[in-house]
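# Analysis of the macromolecular model
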Amino acid sequence: PHLIDAAGGQEWLARFAREARAAGRALHPNLVTVFDFLQEGRVPYLVMEKVRSTTLEDRMAARPALSLPEIHAILRQVLAGLDCIHRAGIVHRDLKPANVMLTEDGGVKLTDFGIARLTAMDATGAGMVGTPSYMAPEQFAGGEVDARADVYACGVLAYELVAGRKPFQGGGVEALFAAVRQGDVAPPTSWLETAPEGAEALDRAILKALSVDPEDRFSDAAALAEALADALPAADRSGLSDTFAPRRKAARGEGTMLGRLSSHTMLEVERQLVARMGPMGRIIARRAAAGAADAEQMIAAVLSELSAAGEAQSMRDSMVRLLAEAATPTDAPAAAAAIPAEELERLATLLRPHVGPIALVMVRRKAARAASLPALVEALADAIPDPAGRAEFLRAAA
């Protein structure tokens with residue numbers, strides 16, 4: 001909040017929105033998808049893909065240690081995700097194990113990309129942004145950085161995965177900065193009891209990524225990925241999910257109204273209660289839904305929290321209407337049903353470059369309220385913030 005309220009707060013919000021939209025267009029299996037940028041009052045937030053995962057940081061602290069084929073599988077996916085955001089003009093700036101998510105199927109997803117740059121206004125000292133142990137020398141100075149800063153961070157990550165320790169140790173930030181600037185680091189495989197096959201090539205690749213001068217590093221993530229592919233055993237992610245991915249839990253709320261209600265209906269119930277009771281209304285709504293086997297039980301649970309008789313009757317009427325709508329066979333009204341599914345898919349394809357992967361969801365929601373196809377096209381165009389993009393969408397849709 002202090003950033004928004006300070007001088008230049010509107011510029012900060014505008015930058016946040018731009019980064020969010022750029023991130024939403026960076027679609028890749030190794031990135032956590034950003035679906036939308038919204039603002040509630042004066043609080044901006046992102047709507048992101050929910051990923052069942054653990055972090056690489058947690059995995060590195062566990063046993064057994066990762067094998068070289070598993071390390072290769074992780075690094076290959078990290079670099080593929082970096083390559084995608086770099087092509088979209090985004091520099092991660094804060095690549096570290098805590099921002100690498102390991103999914104149930106042994107996949108990798110990067111998160112928090114672009115966010116570190118947005119917080120630069122709040123940085124101290126010379127504008128240093130990032131986590132010191134993984135920061136490139138030029139990043140310490142707070143200057144402009146490019147994709148090669150992320151190559152450096154990935155070099156630190158690769159070193160740590162292979163050697164079981166970071167290339168530069170202890171002594172505080174100033175000592176770390178001095179060590180990084182000198183660039184004097186032992187080869188990662190020198191810390192292993194037995195050097196693996198291809199150790200020299202592996203050391204060369206990682207130490208090149210850790211070069212003090214950006215010009216001496218790999219030019220991009222793809223080049224580092226290629227060097228590691230030549231130095232490491234074939235990538236194998238088959239054992240990753242069995243080793244550390246969390247077990248899938250049964251869906252919360254199965255057999256209750258919480259499991260049966262659509263997210264839209266649940267949100268409407270929450271809003272009704274929040275308007276009457278304040279923030280606790282959201283908690284009460286979910287608790288009632290999670291403990292109710294049918295609509296009547298849920299209504300009774302909610303009404304038990306309201307003391308005023310008139311307020312309780314008003315809430316009962318609202319909930320009866322909402323839950324009756326949720327019980328209908330289809331959520332699609334006649335207007336949406338009149339628009340062919342192929343046309344909705346076509347509009348979503350045209351909209352996707354402007355708003356990201358939330359396009360199909362947006363098309364379906366607005367179609368549910370549109371009286372005609374032209375009205376739907378106009379409503380979708382209004383959701384595109386850029387005037388040129390809006391005009392391009394209208395031309396293509398026509």
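Fair warning: this is a prediction, and the values are worked out from it, not measured in the lab.

Across its full length, the protein chain carries 21 helices and five strands. For the protein chain, the proportion of its 398 residues judged to be buried stands at 43%. When contacts within the protein chain are restricted to residue pairs at least 6 apart in sequence, long-range pairs at least 24 apart make up 62% of them.

This next bit is on helix H13 (residues 263-277). A rise of 1.5 Å per residue sets the reference length of H13, with its 15 residues, at 21 Å; its end C-alpha atoms lie 21 Å apart and thus fit the reference within 8%. Here H13 has its buried residues at Thr-265, Met-266, Val-269, Glu-270, Gln-272 and Leu-273. Each buried residue of H13 sits inside an arc of 160° when the element is viewed along its axis, so together they form one side. Among the exposed residues of H13, those oriented more than 90 degrees off its buried face are Ser-263, His-264 and Ala-275.

The subject of this paragraph is the nonpolar core. Ranked by internal contacts, the top residues of the largest apolar core, which has 66 residues, are Val-78, Leu-82, Val-100 and Leu-228. Looking at this core, the element that brings in the most residues is helix H7 (residues 147-163), giving 12 residues. In contact with Val-100, not counting residues within four places along its chain, are Thr-54, Thr-55, Leu-56, Val-78, Leu-95, Val-108, Lys-109, Leu-110 and Leu-157. Judged by nonpolar contacts, the second largest core, of 21 residues, contains Met-257, Val-269, Ile-299 and Met-315.

Turning to the pattern of salt bridges, a few remarks are in order. Side-chain pairs of opposite charge can arise where the charged atoms are in close proximity. Enumeration over the complete set of coordinates arrives at 11 salt bridges. As a salt-bridge pair, Asp-94 and Lys-96 come within 3.6 Å of each other at their nearest N and O atoms. Through salt bridges with shared partners, a single network forms among Asp-146, Arg-148 and Glu-215.

Basis of the calculations
- Residues numbered from 1 in each chain as written.
- Predicted model: local features only at pLDDT ≥ 70, side-chain atom pairs only at ≥ 80, totals over all residues.
- Heavy atoms only, no water.
- Helix = DSSP H or I, 4+ residues; strand = E, 2+ residues; numbered from the N terminus.
- Buried < 20%, exposed > 50% of the residue type's maximum accessible area, 1.4 Å probe, protein only.
- Contact = heavy atoms within 4.5 Å.
- Expected span 1.5 Å × (residues − 1).
- Arc of directions from axis to C-beta.
- Core = buried A, V, L, I, M, F, W, Y, C linked by side-chain atoms within 4.5 Å.
- Salt bridge = Lys/Arg side-chain N within 4 Å of Asp/Glu carboxyl O.

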